[in-house]
Structure formats: structure tokens, C-alpha cells
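These are the residues of each chain, in order.
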Amino acid sequence: MYYSLVDCAHERIQINLPMDINCFPSEVLCCIFDFLSWTDRKRTSLVCRRWNGIINSDRYLRQAKLVLYNYTKVQFFSGVEVGLINIQRNIEFHSSAMLDTEEILTTVSEAFPSGEAVVECVNLFLRSDHEQLCNLVIVNLPKLKQLKRLNILANEGFRTLNKGLQIESQTLEYLKLSFYQHTPCHLHTPNLTSLNIVARYQSDSDLLHAVSRQLSELTVIFQSKDLVAQLFLCNFENLEKLHITIENDKYLPYTVSPTPVSSWNELNVFIGSIRRLKTLEVVDKCNMLRHNYLKVFTHAENLEYLTVNYIILDWTIVEFISYFKKLQYLNLRGCSTAGEPIRLDLPHLKELLMPYKHYSTLPCTNLCHLTTLSYSSSQKNHAQFIHQVTKTFTNLRTLNLLNFDYELSSCAFEFLDHLRLLKTLTIRDMSVSNQLFINCPQLPSLQKLDLNTIVTEISLLECFPQKFRHLYKLNIDNCFFYIFTTDETKNQITFAQLRNRMPRCRISTIDSTVFTNEQYDQNPIYIPG
């Protein structure tokens, strides 16, 4: 059905039949308007009533963002009226010396208390001289009946917030908080299910402890190592997704040495509450969680998605990973190894992201269901390495080759046709040999090819039609192609010719440049998308 519609549209365009754009259904016009910037959409909305109605529909109002930011109050705040604020779904108050002006304060004080504002997301990126605006927005949160998301980033201290910040909303579902100065915060948000918080002070841990039971998603960035242990004093009986990042803030003093927990009884409460956890992401830049805390998460028996970054993959971590027999996704990006082979026994694993510069052999124990592999390699023999991949992961549908230390050699894809189910191939952040695709066997199952930051000769384009006959999407992004012309009669294939040869393939050439050494054309040619 899809291909028949595409073919009909293609034939109609080819024979140049007259076509009125207004004959399209509104759904099709929406897809066309998606390609326009917000400024262009506002201009387009003036064409006719129908277009005005489409562009001012929920589809675009939910995407649009009113950013109150910068310049002088005469240039910017002119025209920001109550009616404009009331129809916005997404409003951002951004740091600016002119934000606390009488005009914007008056407008907000008239719009928010009325109960007519339909805003669903409010972002406050503030400095200490925006205290009036911050207080005005916070006090009116209960009046915003459709508010679902609130982000507050305060880079400096607020005098009135030192005594405590009260956030009250019956509809709020997602909250993001980051206070650089100590700011006690209290929530009355019965529908809050997702919290993103930067933990710098004890009051941040107190806030997390107060709302932990109602959360289904939690992202916590610890910038004080002293507070990490207090995460394990919480009750997360409804939590399904947990992201933990541990960083250092050199401006914060550490007053307490990290300790596991105050009592085993409190630890048992945490263990019992994480059995519903399905996603765990750990980014440990301070090397704290390896031995003291990670083993606690082995009680999350239903875990399906695991990310462990910036951790040394010794036998204790491999043993920890192997606990989760239901894992479908494993991300080990940023990890380092001691040189020993990693053996993983994960019967249900479907997607694996291996660490950068992984020197040991591939993990090959019970990974027969793996369908997506992302790998960075430092090996020089690419053909042997990829041959090992094809023998180990025979059911791969997606293969991402990322940031190899050496240029992909001309014979790297010699055995790639052994992956008979391969549908997506990505080569990212490296260069390739100009013979790579010439020596590549035919891949009849390949549907999507993504090339990013590739330095090569443009002659590889000549291989695509016959090598990848069922390719429907080709992305050539941020690439540099070189044409070396030695024979005046030699004609190089162009992207236009390639599109004619592959009419069913969508070819994107965003930010790609072609350099030529022809006598009369020394300038690079920019290839638009």
C-alpha cells in the first residue's frame, strides 16, 4: 500500500500535472509545514484561514517555545502580552539582565493567576537578580491547571529562597531542580512521577527521600560524594528507571567520609523496593560504586536495561552484570578493561555497546539473540575483526562501527555478507578507504546506511546501486569527498545521478562537501541536503 501511493505520487510529478497544494488533506500539509522553522510557519499562517488554523493547532503549539530572553526591554518585551502568554504550551524564562522588568512582571502577574494559561512546561533559568520573577511564577503554579513539567536552574542564591521553596501543583508530573546555593525545597505534588535533581546539599537528599515512593523515574546527579550513601535510605516501591551520575564539584567541601548505610535494616528497605526496577544507568566518574553499592542492585531481578559507564571492567563488574539474566540492553561505553576477555552469559541480550578501545576478544557466551552491536576497535586487521563479529553474532540486524583507531581498510567488509539479516550499517567518526565499498560483497538485506565524518573518494557512490539493491535510506552527513581527476574524459558520478539510479532510496547529504582537483575548479562544492 505504501509503495503504491509513493509510485502514484512520483508518476504524477514526473508528467507535470497541475497540482493545487490545498487539495492535500490537513495531515499532509502538517508534514509539509514540519520542514519550516517557527518563524517561517508564523509567516505562512498569514496565507489563508486554513493554514492559520493548522499552524495554530496543538500539533505546533506543543512544539513551540516562548523564550523570554536577552536584549533590551524595548526591543524584546514589546508585544509579550497576556494573550500571547496564555496560548503558549512551553514558556522559558531565560537568564537576562532585563528579565525582571516592570513590563514582564506585570504581564505574568495578569496571565498566570487568571487560570486561563494553557502552559504545560515552564523553564526557569535564573540568576539572583530575577528573584521577583521566580517568586511570581512559583506562587502561581497552583493556578496553572495544565502544567506537567517544571525546570528550575538557579545559578546563584536567592535571598527569599534561603528559608525554603514551596512548589505546589496538582498536575505536575516531571520536575527538574538544580540549585547552586543551598535552597531547602518542599513539594506538594501528588502526581509527580519523574524527578531530575542535582544533589549538592543535605536538603536535596531530604527532598528526594520525601518523594521517593511516588517516583517511577529518577535522575540524580551527585556533586557531593558525601550524599551518595543516602540514596540507599530511600523507598522506591514504584521506581522503574534510575539514572545515577557521580561527579566532583571542587567548590563543595566534603565533610563526611562515604559510608554504605547507617543500618542493615534500612538497606533491606531499599532492596525490597527496587524489585520493579527495569532500567539502571550508572555513570561513576569518581569510582565509588564498584564494590560498596553496585552489588545491592543485584536484587533488581526484573532489570532489562543496564548502563555502566566509566568503570573498570574487572571480574567483580562482569559478575555483577551477569546477575541480570533478563537483560535486553547493555551499555559499557567509557569503560576500560584489564586486558582479559569479557565473557557474558546473557541469554536475552539484544543490544550491546562495547567500551572504546576494547583490546580483548569478543564476548561470545550465550549471546545468540543479539541484534544490535556498537563497537569501537583498535585492531589493525579489520577484516579479521569483522569476520569474528559475523561468526559470533549471526543474528545481527544493526551494526555500528564507531571511532576505530585506524582507517577502515579496503577489505574490512569482505565477510559482511555472512550477516544475512543485517538491515542497518553505521560508520561514524572515522575515515574509510576509497576501495571499501568496491570490495564489499552485495548486501541484499541492507536497508539503511549511515556515514558520518567519512573522508574518502567520491567514486564509492558508483558502488551503491548494485551493492545495496534494497537500500531505502542513505545518510551521508558531515563528510568530505575528494574527486581526483587525471583523465579529462572521465566522468564522475554526481549525487543527482545517484538519486536517479536509486529512486526508492532517500539520500541525505547534510553538511557534506566535495573537493576536486580539476584544472578549472579548485573550490570545494557544497552539497545541500
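Note that this is a predicted model, so its numbers are computed, not measured. (Residues numbered from 1 in each chain as written. Predicted model: local features only at pLDDT ≥ 70, side-chain atom pairs only at ≥ 80, totals over all residues. Heavy atoms only, no water.)

> I'd like a description of the packing of helix α8 (residues 102–111) against helix α9 (residues 131–139), backed by residues and values.
Helices that pack against each other are described as a pair by the angle of their axes relative to one another and the distance between those axes. Put simply, α8 and α9 touch, their axes get as near as 10 Å, and they point 5° apart. When the axis of α8 is compared with that of α9, the two are roughly parallel. The segment α8 lies against α9, with Leu105, Val108 and Ser109 engaging Gln132, Leu133, Leu136 and Val137. For the contact of α8 with α9, the per-class residue count stands at five nonpolar, two polar and no charged. (Axes fitted to C-alpha atoms, helices over the stretch in contact; angles between N-to-C directions. Helix = DSSP H or I, 4+ residues; strand = E, 2+ residues; numbered from the N terminus. Parallel < 35°, antiparallel > 145°, perpendicular 65-115°, else oblique. Contact = heavy atoms within 4.5 Å. Nonpolar A, V, L, I, M, F, W, Y, C, P; charged D, E, K, R; others polar.)

> Can you explain the pattern of salt bridges? Please cite residues and give values.
Here the structure, examined in full by the defined rule, presents five salt bridges. A salt bridge links Arg428 to Asp450; the nearest nitrogen and oxygen atoms lie 3.2 Å apart. With Arg428 in strand β19 (residues 424–428) and Asp450 in strand β20 (residues 448–452), the pair connects residues that are 22 residues apart, well separated along the chain. The exposure class of Asp450 is buried, given its relative accessible area of 10%. (Salt bridge = Lys/Arg side-chain N within 4 Å of Asp/Glu carboxyl O. Buried < 20%, exposed > 50% of the residue type's maximum accessible area, 1.4 Å probe, protein only.)

> Could you give me a rundown of the packing of aromatic side chains, with the residues and numbers involved?
By the definition in use, this model includes eleven aromatic pairs. Ring centres of Phe270 and Phe297 lie 5.8 Å apart, and the angle between their planes is 80°; on these two criteria the pair is classed as edge-to-face. With Phe270 in helix α11 (residues 264–273) and Phe297 in the loop between α12 (289–292) and β12 (305–309), this pair connects stretches of sequence that are 27 residues apart. The same class applies to Phe270 and to Phe297, which are both buried. (Phe/Tyr/Trp six-rings, centres within 6.5 Å; stacked < 30°, edge-to-face > 60°.)

> Run through the nonpolar core, naming residues and quoting values.
Counting 138 residues, the largest nonpolar core has Phe297, Phe413, Phe437 and Phe464 as its most contacted members. Leave out the neighbours within four places in its chain, and Phe464 touches Phe437, Leu449, Leu451, Leu474, Leu498 and Met502. The next biggest cluster of nonpolar side chains, apart from the first, holds six residues, and it includes Leu29, Cys30, Phe33 and Ile55. (Core = buried A, V, L, I, M, F, W, Y, C linked by side-chain atoms within 4.5 Å.)

> Go over the pairing of strand β6 (residues 174–179), please, and point to the residues and values.
Regular strands place their side chains on alternate faces of the sheet. By the criterion of burial, β6 is predominantly enclosed, with five of the six residues buried. Of the strand pairs in this sheet, strand β4 (residues 149–154) and β6 are connected by six bridges, and their pairing is parallel. Residue pairing for β6: Asn151 is matched across the bridge by Lys176. Judged from the four bridges that link them, β6 and strand β8 (residues 194–199) form a sheet pairing that is parallel. In the strand pairing of β8, Tyr174 is matched with Ser194. (Pairing = 2+ DSSP bridges.)

> Explain the confidence of the model for the protein to me, and be specific about the residues and the numbers.
Residues of the protein with pLDDT of at least 70 account for 78%, and the chain-wide mean is 80. This model gives residues 1–18 a pLDDT under 50, and the stretch forms five contacts once residues within four places in sequence are excluded. Across residues 519–529, where pLDDT falls below 50, the model places 22 contacts with residues more than four positions away in sequence or in other chains. (pLDDT = per-residue confidence, 0-100.)

> Could you give an account of a nonpolar patch on the surface, with specific residues and numbers?
Residues Ile21, Val28 and Ile32 make up a contiguous nonpolar surface patch of about 190 Å² in total accessible area. Locating Ile32 in the fold gives a position in helix α2 (residues 26–33). Judged by its relative accessible area of 34%, Ile32 falls in the partly exposed class. (Patch = residues over 30% accessible without salt bridge, like charges linked within 9 Å, V, L, I, M, F, W, Y side chains within 5 Å. Areas by Shrake-Rupley, 256 points an atom, 1.4 Å probe, with all protein chains shown as cover.)

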